[in-house]
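Per-entry structural report
Read off the chains here:
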Amino acid sequence: MIKEYLQYLANNKMYSDNTLRRYNTVLVDFAHTMCGRSWSTITRNDIEQYIANKDCTESTKSSVISAIRGIFSFACTHYYGLANNPARFISMPKKTKSVPHVLAAEDIEKAMKLAPRRIRLAIMLMYLCGLRVSECLALSIEDIINHRIIVRGKGKKERYVYVVSIVEDLAHEICTSGLIFDGCSDRQFRYDIYSAFRAVGVEMSPHMLRHTYASNMANAGIPLSHLALLLGHESIKTTQIYLHADSRQVRTSYYEYV
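Residues numbered from 1 in each chain as written. Predicted model: local features only at pLDDT ≥ 70, side-chain atom pairs only at ≥ 80, totals over all residues. Heavy atoms only, no water.

1. Brief notes about unusual backbone geometry
Even without a glycine there, the phi angle at Asn 146 is positive, about 50 degrees. Tracing the chain through its elements places Asn 146 in the loop between β1 (144-145) and β2 (148-152). Even without a glycine there, the phi angle at His 147 is positive, about 65 degrees. On the accessibility criterion, His 147 (40% relative accessible area) is partly exposed. (Helix = DSSP H or I, 4+ residues; strand = E, 2+ residues; numbered from the N terminus. Buried < 20%, exposed > 50% of the residue type's maximum accessible area, 1.4 Å probe, protein only.)

2. A look at the nonpolar core
Ranked by size, the top nonpolar core spans 47 residues in total, and within it Leu 125, Phe 181, Phe 189, Ile 193, Phe 197 and Leu 209 carry the most contacts. Taken together, the elements giving at least two residues each to this core come down to α5 (105-114), α6 (117-129), α7 (133-137), β2, α8 (165-174), α9 (186-198), α10 (207-219) and α11 (224-231). Among the elements that make up this core, the one with the highest residue count is α6 (nine residues). Discounting residues that sit within four places of it in the chain, Phe 197 has contacts with Leu 103, Asp 107, Ile 108, Ala 111, Ile 123, Val 202, Met 204 and Leu 209. (Core = buried A, V, L, I, M, F, W, Y, C linked by side-chain atoms within 4.5 Å. Contact = heavy atoms within 4.5 Å.)

3. Section: α9
The terminal C-alpha atoms of α9, which comprises 13 residues, lie 18 Å apart, in line with the 18 Å expected from a rise of 1.5 Å per residue. All of the buried residues in α9 are Phe 189, Ile 193, Ala 196 and Phe 197. Across the axial projection of α9, the buried residues extend over an arc of 100 degrees, all falling on one side. More than 90 degrees from the buried face of α9, the exposed residues found are Arg 187 and Arg 198. (Expected span 1.5 Å × (residues − 1). Arc of directions from axis to C-beta.)

4. Observations concerning the pattern of salt bridges
Enumeration over the complete set of coordinates arrives at 11 salt bridges. In this structure, the salt-bridge partner of Glu 173 is Arg 117, at a minimum N-O distance of 3.3 Å. With a gap of 56 residues between them, Glu 173 in helix α8 and Arg 117 in helix α6 connect regions that are remote in the sequence. In this structure, Glu 135 and Arg 159 form a salt bridge, with 2.8 Å as the shortest nitrogen-oxygen distance. (Salt bridge = Lys/Arg side-chain N within 4 Å of Asp/Glu carboxyl O.)

Structure representation (structure tokens):
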């Protein structure tokens, strides 16, 4: 049933490849832990015990619950012999809000100077355009037209972002047709970016470049609704995490208005 459920999510819900891989890992492990029992015999207590034994972050636990709740819901509605969803009323862990980590502009500049041209372009696309890793890997040179990029984001939804000339010109220098990062796996792409920063003494994850883009835009005063569109967020609540400000900014703002 796992295979059919994931196929349903891919075809009907347009889930991203990363989410499908994550759900597959969770569900295969869950089925293995249940020792091959029939899905109809698994109880809420079984599921809660499985979740309690997971040594992971609250965010990961939420993903585990979503995957398990989803497959039982699928089983109930697609005639797999289930009358009720045992995971239906299992509550999600309360999410703790944290300020996203951002990178210093000087460190980004240093890393780009030392990086090969294609990795320099990758850094620019994430730092200056806010693209995700998966969006970079899906990007073709034909998607960059007249200072705009057609981005295919989560759930295969398309959006437009804007791009400065230096990024557009470099992209056309590197690639004349097809995928810009053709032949580069997700893992290799992330490692190459990580290595460029490690070479200048900075430990980071590539997604921090997107966080930095969003934080810079928010601090510059872009309306939150506009930033949500540029980032491809379905809910503006997701974008609100970038409205952080340190005490100096708050103090400056206070004295401007009193």
